[in-house]
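Residues per chain are reported as follows:
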Amino acid sequence: MSLLFVAVTSRSATRPKVFDVRSYGAKGDGKTNNINAFAKAWKDACAWNGRSRVYIPRGKFYLGGVTFKGPCSGKISFFIDGTLLAPSNNDDIKKDTWINFQYIDYLTISGSGIVDGQGKESWPHNNCYKNDKCPNLAINMGFDFVNNSRIEGITSRNSKAGHFNLFKVDHFNVTGVKITAPGDSPNTDGIKIAFSSNIQISNTHIGTGDDCIAILSRNTKFDIYNVTCGPGHGISVGSLGKNKDEKNVKDLTVRDTVFTGTRNGIRIKTWESSASTIAISNLVYENIHMIDVENPINIDQKYCPYPPCQKMGDSQIHIQNVTLKNIWGTSRSKMAVRLQCSRSFPCKDIQLIDINLKHNGIDGPAIALCENVKGSATVQMAPPHCLH
Ligand SMILES: *[C@@H]1O[C@H](CO)[C@@H](O)[C@H](O)[C@H]1NC(C)=O
Ligand SMILES: *[C@@H]1O[C@H](CO)[C@@H](O)[C@H](O)[C@H]1NC(C)=O
Ligand SMILES: *[C@@H]1O[C@H](CO)[C@@H](O)[C@H](O)[C@H]1NC(C)=O
Ligand SMILES: *[C@@H]1O[C@H](CO)[C@@H](O)[C@H](O)[C@H]1NC(C)=O
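Residues numbered from 1 in each chain as written. Chains lettered and ligands numbered in written order. Predicted model: local features only at pLDDT ≥ 70, side-chain atom pairs only at ≥ 80, totals over all residues. Heavy atoms only, no water.

> What exactly am I supposed to notice about the UniProt feature "active site" (unreviewed entry) in the chain here?
Summarizing the sequence annotation, UniProt attributes the feature "active site" (unreviewed entry) to His233 in the numbering used throughout. Discounting chain neighbours no more than four positions away, the residues touching His233 are Gly209, Asp210, Asp211, Arg263 and Asn264. Side-chain polar atoms of His233 contact the backbone oxygen of Gly209, separated by 3.3 Å. (UniProt positions renumbered as here; feature names shortened; annotations may be inferred. Contact = heavy atoms within 4.5 Å. Polar contact = N/O pair within 3.5 Å; in protein donor to acceptor, adjacent residues only side chain to side chain.)

> Could you clarify how one ought to interpret the site of ligand 4 in this entry?
For ligand 4, the full set of nearby residues is Asn282, Val284 and Asn321. One of the side-chain N or O atoms of Asn321 is found 2.4 Å from an oxygen atom in ligand 4. (Near = heavy atom within 4 Å.)

> Help me understand the pairing of strand 7 (residues 97–105) in this model?
Two faces, one strand: in a regular strand the side chains alternate between the faces of the sheet. Among the nine residues that make up strand 7, seven are buried, leaving the element largely enclosed by the rest of the structure. Note that strand 4 (residues 66–69) and strand 7 share four bridges and pair parallel. Residue pairing across strands places Val66 opposite Ile99, the latter belonging to strand 7. Two elements, strand 7 and strand 10 (residues 139–152), share seven bridges in a ladder whose sense is parallel. Paired with Asp105 across the strands is Asn147, a residue of strand 10. (Buried < 20%, exposed > 50% of the residue type's maximum accessible area, 1.4 Å probe, protein only. Helix = DSSP H or I, 4+ residues; strand = E, 2+ residues; numbered from the N terminus. Pairing = 2+ DSSP bridges.)

> Explain the environment of Gly74 here, please?
With respect to the helices, strands and loops of the structure, Gly74 is situated in the loop between strand 4 and strand 5 (76–80). The class for Gly74 is buried, based on a relative accessible area of 18%. On a C-alpha basis, the gap between Gly74 and Gly28 in space is 28 Å, while along the polypeptide they are 46 residues apart. What Gly74 contacts, discounting residues up to four positions off in sequence, is Cys46, Trp48 and Gly50.

> Can you help me understand the confidence of the model for the chain in this one?
Do not read the predicted coordinates in detail wherever pLDDT is low. Looking at the chain as a whole, its pLDDT mean stands at 94, while 97% of the residues score no less than 70. Taken as a whole, residues 1–11 scores under 50 in pLDDT and shows zero contacts with residues more than four places along the chain or in a different chain. (pLDDT = per-residue confidence, 0-100.)

> Please explain the site of ligand 1 as it appears in this structure.
Taken together, Tyr103, Ile104, Asp105, Phe145 and Asn147 make up the full set of residues adjacent to ligand 1. Within the side chain of Asp105, a nitrogen or oxygen atom sits 3.4 Å from an oxygen atom of ligand 1. In the model, an oxygen atom of ligand 1 is placed 2.4 Å from a nitrogen or oxygen of the Asn147 side chain. Summarising the interface, the protein chains cover 39% of the accessible area of ligand 1, which totals 360 Å² for the free molecule. With three residues, strand 7 is the largest single contributor of residues to the shell around ligand 1. Its residues placed into classes, the shell around ligand 1 shows three nonpolar, one polar and one charged. (Areas by Shrake-Rupley, 256 points an atom, 1.4 Å probe, with all protein chains shown as cover. Nonpolar A, V, L, I, M, F, W, Y, C, P; charged D, E, K, R; others polar.)

> Help me understand the layout of surface pockets, please; the structure alone is not making it clear to me.
Rolled over the atoms, a probe sized like a water molecule indicates the empty space that remains. Empty space within the largest pocket amounts to approximately 1,600 Å³. Along the walls of the largest pocket sit 45 residues, with Asn187, Asp189, Lys192, Asp210 and Tyr306 positioned nearest its centre. Counting only elements with at least two residues in the lining of the largest pocket, the list comes to strand 7, strand 12 (164–175), strand 14 (191–194), strand 18 (235–240), strand 20 (264–271) and strand 22 (295–303). With four residues, the top contributor of residues to the lining of the largest pocket is strand 20. Residues belonging to the lining of the largest pocket are distributed by class as follows: 18 nonpolar, 16 polar and eleven charged. Computed from the structure, the second largest pocket encloses a volume of approximately 260 Å³. Of the residues in the lining of the second largest pocket, the class split is six nonpolar, eight polar and four charged. (1 Å grid on protein atoms, 1.4 Å probe; cavity = no way out; pocket = protein on both sides within 12 Å on 5 of 7 lines; lining within 4 Å. Points joined across faces, edges and corners; volume = space filled by probe spheres on them.)

> Can you walk me through helix 2 (residues 35–47) in this structure?
In an α-helix, one turn spans 3.6 residues; hence positions three or four apart end up facing the same way. The terminal C-alpha atoms of helix 2, which comprises 13 residues, lie 18 Å apart, in line with the 18 Å expected from a rise of 1.5 Å per residue. Burial in helix 2 covers these residues: Ala37, Phe38, Ala41, Trp42, Ala45 and Cys46. An end-on view of helix 2 places all buried positions within 155 degrees of arc, on one side of the element. Within helix 2, the exposed residues directed more than 90 degrees away from the buried face are Asn36, Lys43 and Ala47. (Expected span 1.5 Å × (residues − 1). Arc of directions from axis to C-beta.)

> Sorry, what's going on with the side chain of Ser281 here?
As for its position among the elements, Ser281 is in strand 21 (residues 279–293). Once residues within four sequence positions are removed from consideration, Ser281 is found in contact with Val249, Lys250, Asp251, Gln320 and Asn321.

Next comes the structure, spelled out in structure tokens:
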């Protein structure tokens, strides 16, 4: 009897206090704007001195742009069983990020629910390449200054711009998440990360119209594994080199990953006339399956999309110590391996180990391109390597 009593009390001691958005007036009718109800539920949960949970039950909860700020008194979770619906008109969000979490330690986003950015109506307005007054479309979910936290289980779909943005985040896991948008939806990156460390992304499917994962300035200690990417533009380091205040990127592992029908697989891209002099180093790509990928391995230091970029061929970004190991499958283009490095700062210590990429086309078998690159190729190498 007393044993049972102990078991029951210790369980309730660890069970979070639930703050159900419905008790704050939220309605899952797909129409009511639930900003105030969600903000109040967050405020109480965040102030709760113990574990707390903001709970979103089944139903369609329409929600305008909202920021959930810490610091909170205890560990907090945001548990989504229903669907969160963004305003379909971007002007009704009034912020860069639809749902933004800031200054929080020990945050968990989980549940089997959906975060739906309803981006379809705004994708045609994504025309910045020809319109300097183009609207700043909202990202689905942002995390700024958030530590020891994770996202698990949820689905993010049809963001207006990117799905998840991580900025100044430390010790953060993304696992069991699904991210989807049509392959032709512009700039719908899956996960964009900058100024962050100790990031793990695993057991996640990402299929969008832009990068599955984009790793930007000053990121260290990343472990990405068991990710499926496609459609999309691949897993990208960069672009880097556009801005002066950028910092090094190092210690990144991508393993056990499948790219299906993507524009790139493994990609590192730096601006051809770069504003910053930084290094990208200690990267490992291992056990990677490419299925009909346009550019499976693509180191591109001649990325020069628009001014202020000038085509000068001399990126100031140093790429070194990159291992590509056990990478196999099919390339949609003939150039399965492209290692196009800077004339001023050649890529150093690029190790190709056991690469087997095939191209089946009338234009002949797969080839590799090497420019300003030093390294080695061992075990097998198809296409034939071009390193010296
Ligand atoms: C997160 O960690 C950074 C660096 O360790 C620290 O400066 C910051 O205050 C932490 N943020 C929170 C919300 O705990
Ligand atoms: C992330 O996952 C690793 C195990 O894979 C675990 O050790 C770590 O505590 C997790 N971090 C967070 C913040 O959940
Ligand atoms: C890999 O991730 C998928 C979800 O994308 C999951 O179903 C599967 O169990 C994971 N595999 C391993 C070995 O964890
Ligand atoms: C190269 O990168 C690997 C993987 O991050 C690391 O273990 C190794 O120490 C690095 N080598 C050098 C010379 O920095």
